[in-house]
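# Fold and geometry: a report
Residues per chain are reported as follows:
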Amino acid sequence: NILLVVDANNVRGKHDFRWTSRDFIRRLDEWYDRQVGQMLATKTTSNEGNNSIHSPSLSLVVVWDHARETTAVPHEFGSNNNKINNPPTKKNNKNGLMLFAGPHCTADDVIVHATQFWTQQQQ
């Protein structure tokens, strides 16, 4: 299982903010589909002859600078093709989160705190 954390505004800033928020999410959806497709192809190739192939898992956390309040919203990344290949279950039909940093934080702040938390959980 892979968890990728993305600072949306830093990525958009790298492109001089030519991408709107929607453009960024569309591009991230396309990237997600390519990555999951490659992961599935690699997993299938490495498990030829093995009937117990498990689909790899790629989860995204996209963090946005500021907002009226700190909020986390479940989000399903990828296109309809990806959703067909990896149908959602009743238990978990989302593969990511959109996190909004709130009025007094930036995405950088949220990512630093989350990384500290995840690191402590692994110890």
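Computed from a predicted model, the values in this text were never measured in an experiment.

### Some details on unusual backbone geometry
Although it is not a glycine, aspartate 16 adopts a positive phi angle of roughly 55°. Tracing the sequence through the fold places aspartate 16 in the loop between helix H1 (8-14) and helix H2 (21-46). Looking at aspartate 16, the relative accessible area reads 56%, which means it is exposed. Positive phi, close to 55°, is recorded for phenylalanine 17, a residue that is not glycine.

### Side note on the confidence of the model for the protein
Averaged over all residues, the pLDDT of the protein equals 81, while 77% of them reach at least 70. Of all the helices and strands in the protein, helix H3 (residues 80-85) carries the lowest mean pLDDT, 46, while H1 carries the highest, 95. In the model, residues 81-85 has pLDDT below 50 throughout and makes nine contacts with residues more than four positions away in sequence or in other chains.

### Some remarks on the packing of aromatic side chains
With the rule as written, the count across this model stands at one aromatic pair. Aromatic side chains phenylalanine 24 and tryptophan 64 sit 5.8 Å apart centroid to centroid with 85° between the ring planes, which places their arrangement in the edge-to-face category. Taken as a pair, phenylalanine 24 in helix H2 and tryptophan 64 in strand E2 (residues 58-64) lie far apart in primary sequence, 40 residues in all. Neither phenylalanine 24 nor tryptophan 64 differs from the other in exposure class; each is buried.

### Points about a nonpolar patch on the surface
Taken together, the side chains of Leu3, Phe117 and Trp118 make up a nonpolar region of the molecular surface, amounting to roughly 290 Å² of accessible area. Along the chain, the position of leucine 3 falls in strand E1 (residues 2-7). A relative accessible area of 44% means that leucine 3 is categorised as partly exposed.

### Focus on the pattern of salt bridges
Applying the stated criterion across every chain, the model contains two salt bridges. Linking arginine 18 and aspartate 16 is a salt bridge whose minimum nitrogen-to-oxygen distance equals 3.6 Å. There is no split in this pair, since arginine 18 and aspartate 16 are both exposed. We note a salt bridge from arginine 26 to glutamate 30, for which the minimum N-O separation is 3.2 Å. Placement of the pair is arginine 26 and glutamate 30 together in helix H2, with a separation of four residues, close to one helical turn. Residue classification places arginine 26 among the partly exposed positions, given a relative accessible area of 40%. Under the relative-accessibility criterion, glutamate 30 is labelled partly exposed at 38%.

### Regarding the environment of leucine 60
The residue leucine 60 is located in strand E2 in this model. In this structure, the C-alpha to C-alpha distance between leucine 60 and tyrosine 32, residues 28 residues apart in sequence, is 8.8 Å. If we ignore the near neighbours within four places in the chain, the residues touching leucine 60 are Leu4, Leu28, Trp31, Tyr32, Phe77, Asn95, Gly96 and Leu97.

### Re the sheet that holds E2
The sheet built from four strands is open, its strands ordered E1-E2-E4-E3 with mixed pairing. Sheet topology places E1 and strand E3 (71-75) at the edges, where each strand pairs with a single neighbour. Averaged over all adjacent pairs, the angle separating strand axes in this sheet is 20°, with direction ignored. In this sheet, E2 lies alongside E1 in parallel orientation, the contact comprising six bridges. Bridge assignment links valine 5 to a residue of E2, and that residue is valine 61. Across the face of the sheet, helix H4 (residues 107-122) comes into contact with E1, E2 and strand E4 (96-100) while running at roughly 155° to E1.

Cut-offs and rules
Residues numbered from 1 in each chain as written. Predicted model: local features only at pLDDT ≥ 70, side-chain atom pairs only at ≥ 80, totals over all residues. Heavy atoms only, no water. Helix = DSSP H or I, 4+ residues; strand = E, 2+ residues; numbered from the N terminus. Buried < 20%, exposed > 50% of the residue type's maximum accessible area, 1.4 Å probe, protein only. pLDDT = per-residue confidence, 0-100. Contact = heavy atoms within 4.5 Å. Phe/Tyr/Trp six-rings, centres within 6.5 Å; stacked < 30°, edge-to-face > 60°. Patch = residues over 30% accessible without salt bridge, like charges linked within 9 Å, V, L, I, M, F, W, Y side chains within 5 Å. Areas by Shrake-Rupley, 256 points an atom, 1.4 Å probe, with all protein chains shown as cover. Salt bridge = Lys/Arg side-chain N within 4 Å of Asp/Glu carboxyl O. Pairing = 2+ DSSP bridges. Axes fitted to C-alpha atoms, helices over the stretch in contact; angles between N-to-C directions.

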